[in-house]
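Chain by chain, the residues run as shown.
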Amino acid sequence: MLQKVWVSSPGSWALQESNSHRQGKKRCWKCRFVRTIIQHPCRRHAPKRSRKERMLRKIQICLCFCFVSGILYEISLLSSCVSSYLPMAQQYLTPEQVLNLGKSIIFLETTERLEPPPLVSCSVESAARIYQDRPIILFMRGLTNETALDMNTSYAAFSLLSSMKNVFLFPLQMETVFQETPLLQWYNQVVPEQEKNWVHVSSDASRLALIWKYGGIYMDTDVISIRPIPQQSFLAAQKSRFSSNGIFGFPARHKFIWDCMENFVLKYNGNIWGNQGPFLMTRMLKTLCNLTDFQGTEDHSCQNISFLNPQRFYPIPYPAWSRYYQVWDKSPNFTHSYALHLWNFMNRNRKVVVAGSNTLAENLYKTYCPSTYEDLIQNAKHRDLPEPEEVE
């Protein structure tokens with residue numbers, strides 16, 4: 001005889017018998033399984049199993065429990081964004097799937113290079129450490145679906161970033177990114193080979209489209225995160241009355257970002273550096289707010305947009321950018337900062353972090369991106385040392 005068991009909570013299972021036995025004695029069953037509905041033969045009328053059968057039954061139950069637990073564990077990894085996109089595409093996640101998780105931290109590489117330099121690796125790693133519950137995405141122009149599958153592990157930085165639990169590396173496909181935005185028509189008409197500042201202009205456009213579609217925070221690849229940013233809708237002041245576009249954050253479908261994209265197309269001039277970037281953000285912010293000078297370390301706000309003090313990201317202004325590569329008597333603690341912009345655009349002499357130099361930048365690497373420092377700075381130095389000659 002079959003009896004249907006409905007489980008409402010862990011504990012007692014009440015047996016609902018067929019109509020012919022409804023007047024019979026009620027029975028209860030203690031069970032610790034998860035909520036389910038099963039068909040189970042009545043123990044009273046079931047033949048007694050042999051010891052071997054009972055043992056096999058227990059093994060089956062244990063295997064089923066392990067299988068279900070494994071599935072639940074995989075789902076929890078995806079929902080909490082602790083899976084990673086590996087070069088061998090082990091997770092098979094699309095950019096849309098990751099971006100739709102929300103609150104992504106987005107980086108862009110609009111050159112064709114596949115090997116991120118140490119500063120890019122440090123920026124991504126520091127964000128991954130500060131925002132451990134959020135997806136960290138690096139879009140790379142030089143990466144394609146084919147190279148994502150066949151990436152050579154000799155790319156040290158690529159391998160390092162791929163191994164981080166909440167870091168995702170995806171191809172940057174601009175035509176897809178610009179779909180359903182005012183930027184698509186501009187992209188279809190522009191000729192990249194004739195653009196003086198295409199690497200920067202295409203990055204300016206891509207970051208606007210991605211943040212408008214999915215929300216989150218955009219960061220330049222020379223920004224080292226040191227503590228979480230509490231604001232959701234914000235622009236970063238480079239100085240009083242002037243906004244940068246090197247770091248900003250908004251929820252998806254925010255009107256300010258849509259207006260920026262429309263103005264990007266309307267006032268497009270690729271020959272003027274920054275016209276589609278910081279100058280765009282500044283002129284659009286001025287249409288909403290009466291910008292005033294900062295006094296101290298306070299932030300400004302208007303129209304529910306926070307205009308964050310220069311100390312939050314630019315405690316060392318761009319004319320003094322080289323101080324990051326100098327030795328300080330006492331390293332600053334940057335108490336009022338959320339992240340540090342290292343002004344890589346100004347670094348035309350290509351100053352780099354050198355192991356043992358004790359510069360401010362080296363100390364920042366050690367503190368906020370220790371894996372990058374160990375793998376790409378210290379180990380690189382050891383690899384570059386000449387091997388000792390063998391004595392015959």
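You'll find the structure just up there.
Residues numbered from 1 in each chain as written. Predicted model: local features only at pLDDT ≥ 70, side-chain atom pairs only at ≥ 80, totals over all residues. Heavy atoms only, no water.

1. Focus: the sheet that holds strand β11 (residues 242-250)
Okay, step 1: Here 8 strands make up an open sheet; going across it, the order is β7-β6-β5-β8-β11-β10-β13-β12 and the pairing mixed. A strand with exactly one partner marks an edge of an open sheet, and here the two such strands are β7 (167-171) and β12 (300-302). Along the sheet, successive strands turn relative to each other by an average axial angle of 25°, direction set aside.
Okay, step 2: Where strand β10 (residues 234-239) lies against strand β13 (residues 305-308), 3 bridges are found, and the strand directions are parallel. Each bridged residue has a counterpart across the sheet, and for Leu235 the counterpart in β13 is Phe307. (Pairing = 2+ DSSP bridges. Helix = DSSP H or I, 4+ residues; strand = E, 2+ residues; numbered from the N terminus. Axes fitted to C-alpha atoms, helices over the stretch in contact; angles between N-to-C directions.)

2. Quick word on helix α9 (residues 255-266)
Okay, step 1: Counted at 1.5 Å a residue, the expected span for α9 with its 12 residues is 16 Å, and the 16 Å between its end C-alpha atoms agrees.
Okay, step 2: Buried residues of α9: Phe256, Ile257, Cys260, Met261, Asn263 and Phe264, and no others. Down the axis, α9 shows its buried residues gathered within 165° of arc, on one side only. Within α9, the exposed residues directed more than 90 degrees away from the buried face are Lys255 and Leu266.
Okay, step 3: Residues of α9 that are buried in the fold lie against α7 (183-189), α8 (198-214), β10, β11, α10 (278-288) and β13. (Expected span 1.5 Å × (residues − 1). Buried < 20%, exposed > 50% of the residue type's maximum accessible area, 1.4 Å probe, protein only. Arc of directions from axis to C-beta. Contact = heavy atoms within 4.5 Å.)

3. Thoughts on unusual backbone geometry
Okay, step 1: Residue Arg241 is not a glycine yet carries a positive backbone phi of 70°.
Okay, step 2: If you trace the backbone, Arg241 turns up in the loop between β10 and β11.

4. Concerning the state of the cysteines
Okay, step 1: According to the stated counting rule, one finds 2 disulfides in the structure shown.
Okay, step 2: A disulfide bridge connects Cys122 with Cys369, and the sulfur atoms are separated by 2.0 Å. Across the disulfide from Cys122 to Cys369, rotation about the S-S bond amounts to roughly -80°, and the bridge is consequently left-handed. You can see Cys122 sitting in helix α3 (residues 118-130) and its partner Cys369 sitting in the loop between α11 (360-368) and α12 (370-384), a full 247 residues away along the chain. Across this residue pair, the class does not change: Cys122 and Cys369 are buried.
Okay, step 3: Residue pairing for Cys289: its cysteine sulfur links by disulfide to Cys302, the two sulfurs lying 1.5 Å apart. Taken as a pair, Cys289 in the loop between α10 and β12 and Cys302 in strand β12 lie far apart in primary sequence, 13 residues in all. Accessibility assignment for this pair places Cys289 and Cys302 in one class, buried. (Disulfide = S-S within 2.5 Å.)

5. Side note on the side chain of His254
Okay, step 1: The topology assignment puts His254 in the loop between β11 and α9.
Okay, step 2: At 3.1 Å, the side chain of His254 forms a polar contact with the backbone nitrogen of Phe256.
Okay, step 3: In this structure, His254 is in contact with Trp212, Ser233 and Ile305, ignoring residues within four places of it in sequence. (Polar contact = N/O pair within 3.5 Å; in protein donor to acceptor, adjacent residues only side chain to side chain.)

6. Things to note about a nonpolar patch on the surface
Okay, step 1: Taken together, the side chains of Met55, Leu56, Ile59 and Leu63 define a hydrophobic patch exposed on the protein surface, amounting to about 390 Å² of accessible area.
Okay, step 2: Checked against the element boundaries, Met55 lands in helix α1 (residues 51-79). (Patch = residues over 30% accessible without salt bridge, like charges linked within 9 Å, V, L, I, M, F, W, Y side chains within 5 Å. Areas by Shrake-Rupley, 256 points an atom, 1.4 Å probe, with all protein chains shown as cover. Salt bridge = Lys/Arg side-chain N within 4 Å of Asp/Glu carboxyl O.)

7. A short note on the pairing of β11
Okay, step 1: Burial within β11 is extensive, with 9 of its 9 residues counted as buried.
Okay, step 2: As paired strands, strand β8 (residues 216-219) and β11 are joined by 4 bridges and run antiparallel to one another. Following the sheet pairing, Gly216 is matched in β11 by Phe250.
Okay, step 3: The pairing of β10 with β11 spans 4 bridges and is classified as antiparallel.

8. Remarks on the packing of α8 against α9
Okay, step 1: Where α8 contacts α9, the axes come no closer than 9 Å and their chain directions differ by 150°. Relative to α9, the element α8 is oriented roughly antiparallel. Handedness of the α8/α9 crossing: left-handed. For the pair α8 and α9, the contacting residues are Val201, Asp204, Ala205, Leu208, Ala209, Ile211 and Trp212 in the first and Ile257, Trp258, Cys260, Met261 and Phe264 in the second.
Okay, step 2: Its residues assigned to classes, the contact of α8 with α9 shows 11 nonpolar, no polar and 1 charged. (Parallel < 35°, antiparallel > 145°, perpendicular 65-115°, else oblique. Left-handed = near helix turned anticlockwise from the far one by under 90°. Nonpolar A, V, L, I, M, F, W, Y, C, P; charged D, E, K, R; others polar.)

9. Observations concerning α8
Okay, step 1: The terminal C-alpha atoms of α8, which comprises 17 residues, lie 24 Å apart, in line with the 24 Å expected from a rise of 1.5 Å per residue.
Okay, step 2: Across the 17 residues that make up α8, a large majority, 15, are buried.
Okay, step 3: At the exit of α8 stands Gly215, carrying a positive phi of roughly 75°.

10. Digging into the pattern of salt bridges
Okay, step 1: Counted by the stated rule, this structure contains 9 salt bridges.
Okay, step 2: We note a salt bridge from Asp299 to Arg312, for which the minimum N-O separation is 3.1 Å. Of this pair, Asp299 sits in the loop between α10 and β12 while Arg312 sits in the loop between β13 and β14 (339-341); the two residues are 13 residues apart in sequence, bridging distant segments of the chain.
Okay, step 3: Classification of Asp299 by relative accessible area gives partly exposed; the value is 27%.
Okay, step 4: Each of Asp204, Arg207 and Asp220 takes part in a single network of salt bridges with overlapping partners.

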